[in-house]
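Fold and contact review
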Amino acid sequence: MMLSGWGRSPAIDCRVITPRTPDEVVAAVRATPCLIARGAGRAYGDAALNPDATLSTLRLDRVRSFDAESGLLDAEAGLRLADVIDLVLPHGWFPAVVPGTAEPTIGGMVAADVHGKNHHMDGAFGDHLDEIRLVAADGSVVRCAPGDRPDLFDATLGGMGLTGVVLSARMRLRRVETAFVDVATHRRSDLDGLLSALEGSSPARYSVAWIDTLARGTAFGRGVVFAGDHAPLDALPRSRRSRPLERPWRPRLGVPFDLPAAGLHRRVMAAFNAIYHAVPRPARRIVDVDRFFFPLDAVRGWNRLYGPKGFRQFQCVLPADDGGRGLTRILDLVSTSGTGFFLAVLKSLGAGRRPLSFPIAGHTLALDMPAGAATDTTYRRLCDITVEHGGRIYLAKDALADPVHVGAGYPGAAGFRAARRSDGSAGRFESAQSRRLQL
Amino acid sequence: MRRRFVLVLGGTSDIGRAVAHAFAARGWGVQLAGRDLGLVKREADDVAARHRVPVSALRFDVLDFDGAAGFALSVDPLPDVVVSVVGLMGADDPADVAAVRAVVDTNFTGPAIVLAAFAERFRARGSGTLVGVSSVAGDRGRAKTMTYGAAKAGFTAFLSALRQRLQGTGVAVLTVKPGFVRTRMTEGMDLPALLVAQPRTIADAILRAVERGRPVTVTPAIWRPLMAVVRAIPEPLFRRMRF
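A few points on the structure.

Scanning chain B for helices and strands turns up 8 helices and 7 strands. For a compact globule of 243 residues, the expected C-alpha radius of gyration is about 18 Å, and chain B comes in at 17 Å, within 12% of that figure. By principal-axis analysis of the C-alpha atoms, chain B measures approximately 55 × 35 × 35 Å. The buried share among the 243 residues of chain B stands at 49%. The long-range fraction of contacts in chain B, counting pairs at least 24 apart against all pairs at least 6 apart in sequence, stands at 72%. Carbon and sulfur atoms form 56% of the exposed surface of chain B, whose accessible area is close to 11400 Å². Looking at chain B, you have 33 positive and 21 negative side-chain charges, and the mean spots of the two groups are 8 Å apart.

All names here are of chain A. Inspection of helix α1 (residues 22-31) places P22, V25, V26, A28 and V29 among the buried residues, and these make up the whole buried set. Viewed end-on, α1 has its buried residues packed into an arc of 165 degrees, placing them on one side of the element. Seen from the buried face of α1, the exposed residues on the opposite side, beyond 90 degrees, are D23, R30 and A31.

Residues and elements named next belong to chain B. A surface patch of nonpolar side chains, amounting to about 250 Å² of accessible area, comprises L237, M241 and F243. Inspection of the secondary structure assignment puts M241 in the segment after α8 (235-238). The exposure class of M241 is partly exposed, given its relative accessible area of 32%.

On to the side chain of H230(A). Residue and element names in this part refer to chain A. Among the structural elements, H230 can be located in strand β14 (residues 223-230). Residue classification places H230 among the buried residues on the basis of a relative accessible area of 16%. A polar side-chain atom of H230 sits 2.8 Å from a polar atom in the side chain of Y206. Those residues within four positions of H230 in sequence are excluded, and the remaining contacts are F94, R174, V176, F180, V181, Y206 and F293.

Once that is clear, we can look at helix α6 (residues 199-212) of chain B. Since one α-helical turn is 3.6 residues long, residues separated by three or four positions face the same way. Residue and element names in this part refer to chain B. With 14 residues, α6 ought to run about 20 Å at 1.5 Å a step, and its terminal C-alpha atoms sit 20 Å apart, in line with that. The inward-facing, buried residues of α6 abut α1 (14-25), β4 (81-84), β5 (128-133), β6 (171-178) and β7 (216-219). Looking at the residues trailing α6, positive phi occurs at G213, about 70 degrees.

This part covers the pattern of salt bridges. Enumeration according to the criterion identifies 45 salt bridges over all chains in this entry. For R354(A), the salt bridge identified is with D154(A), shortest N-O distance 3.0 Å. One end of the pair, R354(A), is in the loop between β19 (343-349) and β20 (362-370); the other, D154(A), is in helix α5 (residues 150-156), and 200 residues separate them in sequence. The pair R354(A) / D154(A) is uniform in exposure class, with both members buried. D45(B) is the partner of K41(B) in a salt bridge, and the nearest nitrogen-oxygen pair spans 3.3 Å. Placement of both K41(B) and D45(B) in helix α2 (residues 37-51) is noted, with a separation of 4 residues, approximately one turn of the helix.

Here the focus is the interface of chain B and chain A. Facing 16 residues of chain B, the contacting portion of chain A comprises 18 residues. The contact between chain B and chain A buries some 1400 Å² in all, and 42% of this surface belongs to carbon and sulfur atoms. Looking at the side of chain B facing chain A, the largest losses of area belong to R42(B), R50(B) and R52(B), adding up to 39% of the total buried there. Here chain B is connected to chain A by 5 salt bridges. Notably, a salt bridge pairs R20(A) with D14(B), separated by 2.8 Å at the nearest N-O pair. Of all the secondary-structure elements, those providing two or more residues to the side of chain B that touches chain A are α1 and α2 of chain B. Here the residues of the side of chain B that touches chain A sort into 3 nonpolar, 2 polar and 11 charged.

Here we come to the sheet that holds strand β3 (residues 16-17) of chain A. Pairing between sheet strands relies on hydrogen bonds along the backbone, with the strands arranged either parallel or antiparallel. All names here are of chain A. One open sheet accounts for 3 strands, arranged β3-β5-β4; its pairing is parallel. Each having just a single partner strand, β3 and β4 (36-38) make up the two edges of the open sheet. Relative to strand β5 (residues 54-56), β4 runs parallel, the two sharing 3 bridges. Following the sheet pairing, R38 is matched in β5 by S56.

Residues and elements named next belong to chain A. Assignment of secondary structure puts D74 in strand β7 (residues 72-76). Considering only alpha carbons, one finds D74 and G147, 73 residues apart in sequence, at a separation of 18 Å. Aside from chain neighbours lying at most four places away, what touches D74 is V63, R64, S65, S168, A169 and R170.

Parameters and conventions
Residues numbered from 1 in each chain as written. Chains lettered and ligands numbered in written order. Predicted model: local features only at pLDDT ≥ 70, side-chain atom pairs only at ≥ 80, totals over all residues. Heavy atoms only, no water. Helix = DSSP H or I, 4+ residues; strand = E, 2+ residues; numbered from the N terminus. Rg over C-alpha atoms; globule rule 2.2 N^0.38 Å. Buried < 20%, exposed > 50% of the residue type's maximum accessible area, 1.4 Å probe, protein only. Contact = heavy atoms within 4.5 Å. Areas by Shrake-Rupley, 256 points an atom, 1.4 Å probe, with all protein chains shown as cover. Lys, Arg positive; Asp, Glu negative; His and termini not counted. Charge placed at Lys NZ, Arg CZ, Asp CG, Glu CD. Arc of directions from axis to C-beta. Patch = residues over 30% accessible without salt bridge, like charges linked within 9 Å, V, L, I, M, F, W, Y side chains within 5 Å. Salt bridge = Lys/Arg side-chain N within 4 Å of Asp/Glu carboxyl O. Polar contact = N/O pair within 3.5 Å; in protein donor to acceptor, adjacent residues only side chain to side chain. Expected span 1.5 Å × (residues − 1). Buried area = accessible area lost by both parts, 1.4 Å probe. Nonpolar A, V, L, I, M, F, W, Y, C, P; charged D, E, K, R; others polar. Pairing = 2+ DSSP bridges.

As structure tokens, this is what we get:
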């Protein structure tokens, strides 16, 4: 079966195995010399592709237990974040860390150690897990936790499925009073202003900035910062207070066909300009969680908007002590080469410590670009600049980096590689990405 | 209002799970029955955790014909609805005696016996719904579905007969005939993608059939005209066809 990442490129013909129970996963691992697990396929590149065997976890989607009093959820790896939220939010809970889409599975979020708009305050997905269970290379079911086999726990978070097939995870949820977020919006007319607004928004739990990558001259790096907190009950309009955890119904449009990116580009540019000029001073609004956290999920299949050749997403993090120099060079290259999509996302990240987990203290920039020879060259150049400034590339988004980028960007990579060789994971759990990056 | 209960025979199968979740989402209590109690319990925990309804896990083997009456007597509370989702595609070779027996026993004899056992308790109570999940494959025997189709044909006829027998007793018998469904049973089979339904679709159709008391449901609906055509093909032509 032809499989690809969310960027639709590369696409590889893979043999797919679909176990339905943990026992079937164990049997599959024992019987298969080389495989990789795959959840919702939301990694952008080739992290969940293995032509020899790709093990789909989507039927391993059971809730094992949910304690609605203490906010502890134990669930199988194939359960999607959207289903987790549907289950827990009516009881007044919300996942402590969510990425920009609710489509990934729990296993996928473990593999990427996803971060959200609150990393500077709350860390990554793995920081809220009590336990991960996985099937190791020898077919045994292994339990790891911060206090029990912490090395395996830390290697699995961000380990892109290369330490074993995740079976389940137990997570601690956050108490919320409502299904809404109280959002303040600030516009800034240049990069310095934008960066300081992002820093200045830090009393708020969640913050994210959108940058206009085409702006040049004095407007270089202009953008809008959104800062939000879970809305308490009394922040809701009176009409909503009787059902504070109910989410407004959201129509989901589908994109059933491929679309050339040009149409999208101009439309989004116009929409951004409208937002930018309509926000003369900090504006505050109450927004439902779906719209605040997962805006793109409203357009199902939005990855088709780039056409059949697909697209790349470049995401890097540059260390705080780089002082914005690398960021400036990257934005400069993007705006002059004209390859990138008009909007880029910028967030603050706090420190991290796991060997292959992406976040380090600094700023992360994410940007789409259509796949193609010219853009691929630009992409690699962006990876070079990132590494030159002490940063790293996000493996969950990557499809084009090379081993040098990983070696330089992730000091823990050598130790990760050595551990895989010694416990038998190397050779057994491999993906197109792990081969390309020599992990 | 008293909570209603549904018993799913074959509760660990893809359609069985989907039926459990569909009913539980509407507040029904669920009783899941299957051969491997550990697997059944895992599904039961999932349904209970998600929908916060009473869920029990029961051991049941559809091939244990002699045990069917005892099983029906042991289920407590007596459910309002019993759904038999048990099925086996099995090997294709009619000369393989063991395989033929397995397919016929699992798709026809076993479900018929256990549904008849529940029919007795329901008739004594004066209420209840028995749902047999058959298949459009039973509408006409063809080489590609061989013994499976034949067994399902028998099961469909049995359900029709039971429906007639129980008329007027307060007990309803519903036949549900799915087309191709994306499940473990059909994994690896080369099926036309546009015609394959998700287990969820079948489950929702079963729920609707129960709520409306519709005696025969074909799901998805496209299979009604498709099978009408298949049934209408004259035999001299049909025997030459290879689908």
